[in-house]
Amino acid sequence: MWNIPELNTYPDAEIYVFDQAGRQVYFSKGYETPWDGSYNGQLLPRASYFWIIDLKDGVNEPLRGIISIIR
């Protein structure tokens, strides 16, 4: 699980994860359920994935980075 502490304090936050081909494999508005590395109920392969977190707080620019799945 990709657990991001304190993100639940931003109820309007939007979290996106994309695979290397640019396909969106995860989206969440708010952060009640952490991403488990799956897409449509299937575990994704070991790889690096691009993420964007937009806190939607009117102050901070969206955060971006890379997360890797290692099993």
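In this text the structure is predicted, and so the values were computed from the model without any measurement.

Procedures and definitions
Residues numbered from 1 in each chain as written. Predicted model: local features only at pLDDT ≥ 70, side-chain atom pairs only at ≥ 80, totals over all residues. Heavy atoms only, no water. Helix = DSSP H or I, 4+ residues; strand = E, 2+ residues; numbered from the N terminus. Buried < 20%, exposed > 50% of the residue type's maximum accessible area, 1.4 Å probe, protein only. Contact = heavy atoms within 4.5 Å. Polar contact = N/O pair within 3.5 Å; in protein donor to acceptor, adjacent residues only side chain to side chain.

(A) Highlighting the environment of Trp-2. Tracing the sequence through the fold places Trp-2 in the segment before β1 (14–18). In this structure Trp-2 comes out as buried when scored by relative accessible area, which is 15%. With sequence-adjacent residues up to four places away left out, Trp-2 is seen in contact with Ile-15, Val-17, Tyr-31, Pro-34, Trp-35, Trp-51, Ile-53 and Ile-67.

(B) Structural view of the side chain of Glu-14. If you trace the backbone, Glu-14 turns up in strand β1. For Glu-14, a relative accessible area of 13% translates into the label buried. One polar contact links Glu-14 to Tyr-16, side chain to side chain, over a distance of 2.7 Å. The residues contacting Glu-14, other than those within four sequence positions of it, are Phe-27, Ser-28, Lys-29, Ile-52, Ile-53, Asp-54 and Lys-56.

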